[in-house]
Amino acid sequence: MYEINETHDPNLKSWVESANDPDTDFPIQNLPFCNFRHRSNESGSRIGVRIGSSVIDLEALPVQKEFQWWLKSSSGPWKLDALGRLAPHSPNEVRNYLVGSLNEDADLATKELVEKVLVPESEVSFHSPFEIGDYTDFYCSIYHATNVGSMFRPDNPLLPNYKYVPIGYHGRASSIVVSGTDIKRPHGQNRSDAEKPPVFIPSKSLDYEMELGFFVGRGNEMGTPIDIKDAEEHLFGVCLVNDWSARDIQAWEYQPLGPFLAKNFATTISPFVVTMEALAPFRTPAFERDPDDPQPLDYLSDDNNLKFGGLDINLEVYIQTEKMRAENIEPHMLSRSNTKDLYWTIGQMMTHHASNGCNLQTGDLIASGTVSGKEKSQRGCLLELTWRGTEPVDLPSGEQRRFLEDGDEVIMKGYCEREGFRRIGLGECRGRVLPAD
Ligand code: MN
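Just so we're clear, the structure is a prediction, and the values are computed from it rather than from any experiment. Along each chain, residue indices are assigned from 1 in the same order as the chain's sequence is written. Two thresholds apply to this predicted model, a pLDDT of at least 70 for residue-level local features and 80 or more for giving and counting side-chain atom pairs, whereas whole-chain, interface and lining totals are computed over all residues. For the side-chain quantities, the full set of heavy atoms in the structure was used; hydrogens and water were omitted.

Student: Would you mind showing me how to read the coordination of the manganese ion here?
Tutor: Expected angles at a metal are 109.5 degrees for tetrahedral coordination by four donors and either 90 or 180 degrees for octahedral coordination by six donors. Taken together, Asp137 (OD), Glu209 (OE), Glu211 (OE) and Asp243 (OD) make up the protein donors of the manganese ion, found 2.1 to 2.2 Å from the metal. Taken in sequence order, the residues that donate to the manganese ion follow the motif D-x71-E-x1-E-x31-D. Separated by 72 residues along the polypeptide, Asp137 in strand S6 (residues 135-138) and Glu209 in the loop between strand S12 (206-207) and strand S13 (210-216) bring together distant segments of the chain. Each member of the pair Asp137 and Glu209 is classed as buried. Metal coordination here is assigned from N, O and S atoms located within 2.8 Å of the ion, or within 3.2 Å for Na, K and Ca; omission of water means that sites may look incomplete. By the criteria applied, helices consist of DSSP H or I runs no shorter than four residues and strands consist of E runs no shorter than two, each listed in order from the N terminus. Throughout this description, buried means an accessible area under 20% of the type-specific maximum (1.4 Å probe, protein chains only), exposed means over 50%, and partly exposed covers the range between.

Structure follows, in structure tokens:
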């Protein structure tokens, strides 16, 4: 899972010129999978691989015989599921084949074949890579958990289970949308005045949460847990997640069963699945626990997970208000955090999730929880950044924000950089807030 091979060679260049731009998220070393439609929409939804500013229409690739065994084994339009079931080996095979045929040294015949199925980004729309059956959201940043906990329970910010159990809740799959989809401000019960009964009004404290998502590739049988040693074999790849959250609804409803309507009205994902193989150069050790912290229980412990289980992915959040758009002011960066600060690894999340025999299925989305770091500039949601609205953020337009206002667009970006390797990125996850009905 963590092996660096010839597909990570930083000197590889592609004959697709836009892939050689040093700022692109999608050089030949990345090649994430996606689901797209031609804007003309003649051919329905199709599986693609992103390179530079284009998409390879995998299904139209004349040499697809090589992959027919997975294209054919699928039914319906969601063919990435069939490939996912064979993760990680089959996605890696496809990626390896494409590295060879997109390479500037590829022979002319191959180049001509692939060129025919290359579609400019401007001619397609992207859709959810999987028909997501289930969605689980964890709470794996100890900084986020401590900050949020100290707002609500100043004397006891971190609950005693936190360092033993990767905490999570079951989210809602039906309201997951892809980047670019507008989000309508939800209504809900608000009880800001503790002396009075709650009122049913549009949320006054709408927030985003910057998270890393990962897709299950190969599932596990119900009743059969996933060993921590094999956890990453069940992963297809990662994406960006915005877990939109209505803090006023959340504060009133969350006890005793956790978040419900405060979060299930919308979740936005970026459209590209960056494979675990593409991420191999950006692995880090698991979070270094405080010497006084307990070690993970045995079923969550493994040497490889300890040495390489972390991920070094930078996550940035930007905001652009209606006024900023009108005045042509660029989106303003609110935070930059990194997934290496997560207290639990993605392998531990997978293993814990299946540890009771719960069956994970191909295309399930699992998210990390808000990724926040130690510093204020690393806080991955407005609840933390503005300390529950008490310390508003100043914007270059002269405006302030405590929480999101109608017309605000939230833009999330993710990328990996390491000396000696090519930068790769996860693309964007954006969404604009529409007024409530
Ligand atoms: Mn969340």
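This is not the end of the story, as more comes after the structure.
Student: Explain the layout of surface pockets here, please?
Tutor: Empty space among the atoms can be located by rolling a probe the size of a water molecule over them. In this analysis the probe radius is 1.4 Å and the grid spacing 1 Å, with only protein atoms considered; a cavity is a set of points the probe fits into but cannot get out of, a pocket is an open set with protein on both sides within 12 Å along at least five of seven lines, and lining residues have an atom within 4 Å of a point. Grid points are joined across faces, edges and corners, and a volume is the space filled by probe spheres set on the points. Empty space within the largest pocket amounts to approximately 720 Å³. Contributing to the lining of the largest pocket are 33 residues, with Tyr139, Ile167, Gln250, Tyr254 and Pro259 lying nearest its centre. Counting only elements with at least two residues in the lining of the largest pocket, the list comes to S6, helix H5 (142-152), strand S7 (168-170) and helix H6 (247-253). Per-element accounting of the lining of the largest pocket gives the leading share, five residues, to H5. Class assignment of the residues belonging to the lining of the largest pocket gives a composition of 17 nonpolar, nine polar and seven charged. Here the second largest pocket defines a volume of roughly 350 Å³. Forming the walls of the second largest pocket are 17 residues, and the residues nearest its centre are Glu121, Ser179, Phe272, Gly427 and Glu428. Split by residue class, the lining of the second largest pocket holds five nonpolar, four polar and eight charged. We call Asp, Glu, Lys and Arg charged. Ala, Val, Leu, Ile, Met, Phe, Trp, Tyr, Cys and Pro are nonpolar, and the rest, Gly among them, are polar.

Student: Could you clarify how one ought to interpret the pattern of salt bridges in this entry?
Tutor: Close approach of charged atoms allows side chains of opposite charge to pair. A side-chain nitrogen of Lys or Arg and a carboxyl oxygen of Asp or Glu constitute a salt bridge if their distance falls within 4 Å. Tallied over the entire structure, the rule returns 25 salt bridges. A salt bridge links Arg218 to Glu233; the shortest N-O distance between them is 3.9 Å. Here Glu233 lies in the loop between S13 and strand S14 (235-242) and Arg218 lies in the loop between S13 and S14, a separation of 15 residues in the sequence. Given the relative accessible area of 32%, Arg218 is considered partly exposed. Judged by relative accessible area, which is 24%, Glu233 ranks as partly exposed. The residue Glu428 makes a salt bridge to Arg430 at a minimum N-O spacing of 2.9 Å.

Student: Could you clarify how one ought to interpret the domain arrangement of the protein in this entry?
Tutor: As a measure of interface size, the accessible area lost when the parts come together is often cited. The assigned domain composition of the protein is domain 1 (6-127) and domain 2 (135-434). Domain borders in the structure are assigned automatically or taken from a domain database. Relative to domain 2, the C-alpha centre of domain 1 lies at a distance of 28 Å. Computed with a 1.4 Å rolling probe, the buried area is the accessible surface lost when two parts are put together, summed over both parts. Of all residues in domain 1, the largest losses of buried area upon contact with domain 2 belong to His8, Asp25 and Phe33, amounting jointly to 22% of the total for that side. Where domain 1 touches domain 2, the interface holds two salt bridges. Linking Arg423 and Asp25 is a salt bridge whose minimum nitrogen-to-oxygen distance equals 2.8 Å.

Student: Please clarify how the nonpolar core should be interpreted in this entry.
Tutor: Tyr208, Val238, Leu279, Ile313 and Leu404 are the most contacted members of the largest nonpolar core, which totals 62 residues. Sorting the residues of this core by element identifies H5, S13, S14, strand S20 (314-320), helix H9 (346-354), helix H10 (382-385), strand S25 (409-416) and strand S26 (424-434) as the ones contributing at least two each. With five residues, the single largest contributor to this core is H5. Only heavy atoms enter the contact rule, under which two residues are in contact if any of them lie within 4.5 Å. Discounting residues that sit within four places of it in the chain, Leu404 has contacts with Arg185, Leu206, Asp207, Tyr208, Trp244, Ile319, Leu382, Val410 and Val433. Counting residues in each nonpolar core, the second largest holds 38 residues, with Trp15, Leu80, Phe130 and Ile132 among its members. The criterion is simple. A nonpolar core is a set of buried Ala, Val, Leu, Ile, Met, Phe, Trp, Tyr and Cys residues joined through side-chain atoms within 4.5 Å.

Student: For this particular structure, what's the right way to read the side chain of Thr267?
Tutor: Structurally, the position occupied by Thr267 is in strand S16 (residues 267-269). When residues no more than four places from it in sequence are discounted, the contact partners of Thr267 are Tyr135, Ser175, Ile176, Val177, Val241, Asn242, Asp243 and Trp244.

Student: Would you take a moment to explain helix H3 (residues 89-102) for this structure?
Tutor: An α-helix turns once per 3.6 residues; consequently, residues spaced three or four apart project the same way. How far a helix is expected to stretch is found by multiplying one less than its residue total by 1.5 Å. Relative to the 20 Å expected for 14 residues at 1.5 Å per residue, H3 spans 20 Å between its end C-alpha atoms, a close match to the ideal helical length. In terms of burial, H3 is largely enclosed, as 10 of its 14 residues are buried. Within H3 the residues assigned to the buried category are Ser90, Pro91, Asn92, Val94, Arg95, Tyr97, Leu98, Val99, Ser101 and Leu102.

Student: I keep staring at the sheet that holds strand S21 (residues 332-338) and nothing clicks. Help me out?
Tutor: Spatially, the five strands line up as an open sheet ordered S9-S26-S25-S20-S21, and their pairing is mixed. Each edge of the sheet is formed by a strand with only one pairing partner; in this case those strands are strand S9 (183-184) and S21. By this definition, two strands are paired if DSSP reports at least two bridges between them. Bridge count for S9 against S26 is two bridges, and the pairing is parallel. Its bridge partner lying in S26, Lys184 is registered against Leu434.

Student: In this structure, what is going on with the packing of aromatic side chains? I would like to understand it.
Tutor: Each pair of aromatic rings is reported with the distance of its centres and the angle of its planes. Put simply, two rings from Phe, Tyr or Trp (the six-membered ring, in Trp's case) pair if the centres are within 6.5 Å, and we call them stacked under 30 degrees between planes, edge-to-face over 60, tilted for the rest. In this structure the tally under the stated criterion is 12 aromatic pairs. Where Tyr139 meets Tyr162, the ring centres are 6.3 Å apart and the plane angle is 75°; that geometry is what we call edge-to-face. On the criterion of sequence distance, the pair formed by Tyr139 in the loop between S6 and H5 and Tyr162 in the loop between H5 and S7 is long-range, its members being 23 residues apart. Each ring, one from Tyr343 and one from Trp344, has its centre 5.6 Å from the other, and the planes form 75°; the classification is edge-to-face. For Trp344, a relative accessible area of 1% translates into the label buried. An aromatic cluster of at least three residues, connected via ring pairs, comprises Tyr139, Tyr143, Tyr162, Phe287, Tyr343 and Trp344.

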